[in-house]
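Residue-level structure breakdown
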Amino acid sequence: MRIVLLILLAIVTSCTDSSGGFVRVRASGLAAAASGYPHTEGDTTVSFADDFAVTFDNVLVCLEAFALESADGTTVELPIDPVIFDLRDSTTELWQVAAPLGSFSGVSFRTRGARHSDRIVGDIADNEIHYMLQNQLGLYVVGRATKGSETFRFFLGFPAMHYVHCENGLDPAGAFEVDARLPADVELSFHLDHMFYD
């Protein structure tokens, strides 16, 4: 099977002020990161045409950059510390970071190969971190594919990637506001089935 990574997310933002607010950022592999595939949500089922069932042991990501995007194409990179985390934990909060006030509808973010100085979020086995470090992976996926009585363990590794024009997973239809009263919540949503598009 030819594996192609197409984790595509889309977002736009508009920034109007240079002071005064916060953005609270979390990441999610959505429900399928925990349940695997086939996965049904509402009336839609995502499954493999060859009838394999796939589950994930780890979906580890190293993020080094996060930015807000404006509708006019302006990008404001926010000061964050690089982190390594597991997308199977949909409650993973990565940062609460100072941001300019304004109305935003998009973000961008960037992965890179893991480094010893990266902050580890959550409970991740040392050997998995070591593998990411040794192979300079920005995304490392370990899982199992089952068909009938046969199960195959698989390992997928991807280097640095830059995601731009990405939707806020908490509200993909509209803008989000950064104001001085409450942190604006943003979710970076990874659609794991895109890794298996042929």
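Let us now look at the environment of Tyr-140. Tracing the sequence through the fold places Tyr-140 in strand E11 (residues 139-147). Linking Tyr-140 and Ile-129, residues 11 residues apart in sequence, is a C-alpha distance of 9.5 Å. Sequence-distant contacts of Tyr-140, that is, excluding residues within four places in its chain, are made with Asn-58, Val-59, Leu-60, Glu-128, Tyr-131, Met-132, Phe-155 and Leu-156. Among the polar contacts listed, one links the side chain of Tyr-140 to the side chain of Glu-128, at a separation of 3.4 Å.

Attention now moves to the side chain of Arg-112. Locating Arg-112 in the fold gives a position in the loop between strand E9 (106-111) and strand E10 (119-120). Dropping the residues within four chain positions of it, Arg-112 is found in contact with Cys-62, Glu-64, Pro-82, Asp-118, Leu-137, Gly-138 and Ala-160.

Every other side chain in a regular strand lies on the same face of the sheet, so the side chains alternate between the two faces. Relative to strand E5 (residues 75-78), strand E4 (residues 53-69) runs antiparallel, the two sharing 4 bridges. Within the sheet, the bridge partner assigned to Leu-68 lies in E5 and is Val-76. Connecting E4 to the antiparallel partner E5 that follows it, the hairpin turn spans 5 residues, and Gly-73 within it adopts a positive phi of roughly 95°.

Moving on: the nonpolar core. Core analysis: the biggest nonpolar cluster contains 46 residues, and Phe-56, Phe-66 and Leu-188 have the highest contact counts within it. Among the elements that make up this core, the one with the highest residue count is E4 (7 residues). When neighbours within four sequence positions are excluded, Phe-56 is seen to be in contact with Ala-32, Ala-33, Gly-36, Tyr-37, Arg-88, Val-141, Val-142, Gly-143, Phe-154, Leu-192, Met-195 and Phe-196. Core analysis: the second largest hydrophobic core is formed by 11 residues, Leu-60, Ile-84, Met-132 and Leu-137 among them.

Cut-offs and rules
- Starting from 1, residues in each chain are numbered consecutively following that chain's sequence as written.
- The model is predicted, so local features are restricted to residues of pLDDT at least 70 and side-chain atom pairs to those at 80 or more, both for listing and for counting; the totals for chains, interfaces and linings are taken over all residues.
- With hydrogens and water set aside, each side-chain value is computed from the structure's full complement of heavy atoms.
- Going along the chain from the N terminus, every DSSP run of H or I of four or more residues is numbered as a helix, and every run of E of two or more is numbered as a strand.
- The contact criterion used is simple: two residues touch if any of their non-hydrogen atoms lie within 4.5 Å.
- Polar contacts here mean pairs of N or O atoms no more than 3.5 Å apart (in protein, one a potential hydrogen donor and the other a potential acceptor; neighbouring residues in sequence count only if both atoms are side-chain atoms).
- Between any two strands, at least two bridges found by DSSP are needed for them to pair.
- Definition of nonpolar core: a set of buried residues of the types Ala, Val, Leu, Ile, Met, Phe, Trp, Tyr and Cys, connected through side-chain atoms within 4.5 Å.
- Only protein chains enter the calculation, and the probe is 1.4 Å; a residue is then buried if its accessible area is under 20% of its type maximum, exposed if over 50%, and partly exposed in between.

Function cannot be read off these values alone, since they describe shape.
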